[in-house]
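# Coordinate inspection notes
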Amino acid sequence: EREAGEALFVGSGVLWFAHRDDGFEAASEVTLRRLDVPVERLPREEVEARWPEISAGDLAFALHEPEAGVLRARVGVRAAVRAFERQGGTLIHARVRPGRAAAGRLAELDSDRGEHLAAGAFVFAAGPWLPRLFPDLVGGLIGITKQDVVFLGPAPGDSRFEADRFPAWIDYDAEIYGIPGLDGRGPKVPPDAYGRPFDPDATDRLVDASSIETVRRYLAIRIPGLADRPVVETRVCQYEATPDTHFILDRHPDLENVWLAGGGSGHAFKHGPEIGRYVVGSLDGGVPP
């Protein structure tokens, strides 16, 4: 934010809906308190008192992180590109693949425009395309799934679900989460269960009707005021998930100057700065702290 000169984080707070007294949320509370991260354990009645739009009657409790919030991913990526270019980097839009290699090192990339791009080191952070670039290495380790995203439109003038009044929320057990209205868009509610296998090059990015049904069915229980609002925008994203949802950050076993960064599993973006520091530190031959 300091470098970009614009807000990339919106401090809406985050609510975790807990269905059990001894689940993921309770374990997280212990960790957060040990690290001195502000957190509140709220009974059902307190959740409904603070946010009357939420129906919490079936919950065990909710965990509230008042200093947490939402990252403006689209704005953040553009800001990172501008910073990269200011520091002398060049952004090229092309499909590339590993090219000529010799003596255990990759010499260049070949692009679909006929270019040969030479460098001393290469980092492949290709998201859902990583298994296609290195099928023998990660083709069986990373699964690409279709993840539908739904935006709902509150009634005109209804600001109850905007980020300055309503938190982001996560229902881990129900496999769904929500982001309040931001940047002129309505609240975003994506089902978080793994979708069906997806080809990022060949499949239309149209959400399934069943995903919209899942969103409405859940909201009817948890946030009834949004359940019947119109869908104003949809997106299709991809998870490229590893079996344990951990990231892949490793050197290519046969090419000493090639590194792979992938396996985002739906949660890599928020870790992006630390992933970047780790990989850049690894390029120098050390083991970053």
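Located above this text is the structure these notes cover.
Here's a quick rundown of the structure. Throughout, a residue's number is its position along its own chain's written sequence, starting from 1. Restriction of local features to residues with pLDDT of at least 70 applies here, the model being predicted, together with a cutoff of 80 or more for giving and counting side-chain atom pairs; totals for whole chains, interfaces and linings are based on all residues. Only hydrogens and water are set aside when side-chain values are computed; all heavy atoms of the structure are taken into account.

## Here's the deal with the packing of aromatic side chains
When we look at a pair of aromatic rings, we describe it by the centre distance and by the angle of the planes. Quick reminder of the rule: The pairing test for Phe, Tyr and Trp rings, Trp by its six-membered ring, is centres within 6.5 Å, and the orientation test on the planes gives stacked under 30 degrees, edge-to-face over 60, and tilted for anything in between. Burial here depends on accessible area, computed with a 1.4 Å probe over protein chains only, as a share of the maximum for the residue type. Under 20% is buried, over 50% is exposed, and the range in between is partly exposed. Lysine NZ or arginine CZ positioned within 6 Å of the ring centre and within 35 degrees of the ring normal marks a charge as sitting over the ring.
As enumerated under the stated definition, the model contains seven aromatic pairs in all. Judged by centre distance (5.5 Å) and plane angle (40°), the rings of tryptophan 16 and phenylalanine 24 are tilted. A relative accessible area of 32% means that phenylalanine 24 is categorised as partly exposed. A connected cluster of aromatic rings, assembled from ring pairs, spans Trp16, Phe24 and Tyr172. Over the aromatic face of phenylalanine 61 sits the side chain of arginine 41, whose NZ or CZ is 3.6 Å from the ring centroid. We note arginine 222 situated over the ring of phenylalanine 17; from NZ or CZ to the ring centre the distance is 5.3 Å.

## Concerning the environment of asparagine 257
Put simply, the rule is: For helices the rule is a DSSP run of H or I covering at least 4 residues; for strands it is a run of E covering at least 2, with both sets numbered from the N terminus onward. Should any heavy atoms of two residues lie within 4.5 Å, those residues are considered in contact.
Within the secondary structure layout, asparagine 257 lies in the loop between β16 (248-251) and β17 (258-262). Distance in space between the C-alpha atoms of asparagine 257 and leucine 152 is 46 Å, their sequence separation being 105 residues. Residues within four places of asparagine 257 in sequence aside, it is in contact with Arg105, Leu106, Ala119, Gly120, Ala121 and Phe122.

## Regarding the pairing of β17
The criterion, for reference: Two strands pair under a simple rule: DSSP has to find at least two bridges between them.
Among the five residues of β17, five are classified as buried, and the element is accordingly described as predominantly covered. Here β17 shows a buried face lined by Val258, Leu260 and Gly262 and a second buried face lined by Trp259 and Ala261. Alignment of strand β11 (residues 122-124) against β17, held across three bridges, turns out to be parallel. Across the sheet, valine 123 pairs through a bridge with tryptophan 259, a residue of β17. Bridge analysis of β16 against β17 gives four bridges, and the strand direction is antiparallel. Along β17, the bridge assignment pairs leucine 249 with alanine 261. The hairpin formed by β16 and β17 contains six residues between the paired strands.

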